[in-house]
Amino acid sequence: MLLLSCSSKLRLLEGTLRRSLPETLLVHGAVMNINRGNLAGHEVLMDSWPEFKAVLIRPHREVASDDSDFYTNTYAVYYRDLGACRALLGSAINWDQAFCIHGLRDGLYEASRDIAQTKGAKLDVLCYFTYFHPDPSSMPEIRLDPAVKLSSLDVSHVDLLNETWLFGGNEKSRKYLASLIHHFPSACLLDATGRPVSWLASDAFGALMHGYTLPQHRRRGYNRVLSNVMAKRLHSLGYPSYCNVAVDNYPMQRLQEQEGFQRQPSLCHYIQCNAAVDRAPMLTPWAAGDSPA
Ligand SMILES: CC(C)(COP(=O)(O)OP(=O)(O)OC[C@H]1O[C@@H](n2cnc3c(N)ncnc32)[C@H](O)[C@@H]1OP(=O)(O)O)[C@@H](O)C(=O)NCCC(=O)NCCS
């Protein structure tokens, strides 16, 4: 296992991962962010260089300082060889913490589960469809409802996001959402009083995240506008546009398909380790039609 910290090698890795899109979406987005200021405080572990069979993104030790904060303790994995991936999972992850691994390849959950058994840790898994837009510049121009104004999220909106996010509502989720708003592109629609009625953020892995419209404002095309705006914005910054949608979130799936996003053949897995379960606010499967992404 090696830690890739040389900036020219990280740029080379970004180019290599880009050539294997969309299956490398998660790690590619993380490496892009590392190469542009590394605001999330991530680092890259690999089995070997320059040829490699597995890449793992993890938070720096100083970032993952809270054992129960799996909003922050997030990893992303891409592999070409499951054996190399297993070795990285076993050695590069802090299994004493609560954490979440994001990965797009089949076999990742089974490999993680096998290691978890040897470590005495318990895993849960959530499955998502990954939607990727091959060319956001071809998306149609949007017409904005004059009742709302296009803006970006700012830290004054964090409580609203935290209250409405199904996995939010606690101090750790608030801190995580504040850091997303602070560090990564986002968009929202404000009503006449300046209050956001619909929003869409992006994260350290370059994914579109946290799409939400207040219930009384739904089915007016608001999140669709934001999906269009954000996909074009990320595209103009050189990022591929993609998002992960829960397998039973049909409204969001329909929205993505109408905007020209293509569902990828492999499921995206969010694998949660509950090592610090007694101390952490764990993610649980959602209810009542809302979704966590
Ligand atoms: C999913 C969500 C963000 C959609 O927001 P919205 O502003 O109502 O979406 P839009 O009005 O832009 O909808 C655009 C398209 O999405 C689809 N859609 C939206 N809501 C839908 C619903 N309840 N049932 C079926 N399709 C729906 C439709 O295709 C719609 O186009 P149409 O109205 O022409 O049929 C909103 O329902 C929400 O906040 N849900 C809870 C949180 C959530 O699930 N977030 C997504 C996480 S990945």
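Residues numbered from 1 in each chain as written. Predicted model: local features only at pLDDT ≥ 70, side-chain atom pairs only at ≥ 80, totals over all residues. Heavy atoms only, no water.

1. Focus: the overall build of the protein chain
Here comes step 1: Of the regular secondary structure elements, the protein chain holds 8 helices and 12 strands.
Here comes step 2: Relative to the 2.2 N^0.38 estimate, which gives 19 Å for 293 residues, the radius of gyration of the protein chain is 18 Å and therefore close to what a compact globule would have.
Here comes step 3: By residue count, 54% of the 293 residues in the protein chain fall in the buried class.
Here comes step 4: A fraction of 70% describes how many contacts in the protein chain between residues 6 or more apart in sequence connect residues 24 or more apart.
Here comes step 5: Surface exposure of the protein chain reaches about 12,900 Å², of which carbon and sulfur atoms provide 51%. (Helix = DSSP H or I, 4+ residues; strand = E, 2+ residues; numbered from the N terminus. Rg over C-alpha atoms; globule rule 2.2 N^0.38 Å. Buried < 20%, exposed > 50% of the residue type's maximum accessible area, 1.4 Å probe, protein only. Contact = heavy atoms within 4.5 Å. Areas by Shrake-Rupley, 256 points an atom, 1.4 Å probe, with all protein chains shown as cover.)

2. Section: the site of the ligand
Here comes step 1: Inspection of the region around the ligand gives 19 residues, with Gly-211, Thr-213, Gly-221, Arg-224 and Asn-249 positioned closest.
Here comes step 2: Contacts to the ligand include Arg-218, whose side-chain N or O atom sits 3.3 Å from an oxygen atom.
Here comes step 3: The separation between an oxygen atom of the ligand and a polar main-chain atom of Arg-219 is 2.9 Å.
Here comes step 4: Relative to its unbound accessible surface of 900 Å², the ligand loses 83% to contact with the protein. (Near = heavy atom within 4 Å. Polar contact = N/O pair within 3.5 Å; in protein donor to acceptor, adjacent residues only side chain to side chain.)

3. Some details on the nonpolar core
Across soluble globular proteins, nonpolar side chains show a tendency to be buried alongside one another.
Here comes step 1: One finds Leu-13, Val-44, Ile-57 and Trp-199 to be the most contacted residues of the largest nonpolar core, which totals 72 residues.
Here comes step 2: Inspection of this core shows a minimum of three residues originating in each of domain 1 (2–127) and domain 2 (136–264).
Here comes step 3: Setting aside residues no more than four positions away along its own chain, Trp-199 makes contact with Leu-153, Leu-160, Leu-161, Thr-164, Ala-187, Cys-188, His-210, Gly-211, Tyr-212, Leu-214, Asn-223 and Leu-226.
Here comes step 4: Counting 24 residues, the second-largest nonpolar core is a separate cluster that includes Ala-54, Val-77, Tyr-79 and Leu-89. (Core = buried A, V, L, I, M, F, W, Y, C linked by side-chain atoms within 4.5 Å. Domains from an automatic or database assignment.)

4. Some remarks on the packing of helix 7 (residues 222–236) against helix 8 (residues 250–258)
Here comes step 1: Where helix 7 meets helix 8, the axes come as close as 10 Å, and the angle between the chain directions of the two elements is 50°. Put simply, helix 7 runs oblique to helix 8. For the pair helix 7 and helix 8, the sense of crossing is right-handed. Across the interface between the two elements, Asn-223, Arg-224 and Ser-227 of helix 7 pack against Met-252, Leu-255, Gln-256 and Gln-258 of helix 8.
Here comes step 2: Looking at the contact of helix 7 with helix 8, its residues break down into 2 nonpolar, 4 polar and 1 charged. (Axes fitted to C-alpha atoms, helices over the stretch in contact; angles between N-to-C directions. Parallel < 35°, antiparallel > 145°, perpendicular 65-115°, else oblique. Left-handed = near helix turned anticlockwise from the far one by under 90°. Nonpolar A, V, L, I, M, F, W, Y, C, P; charged D, E, K, R; others polar.)

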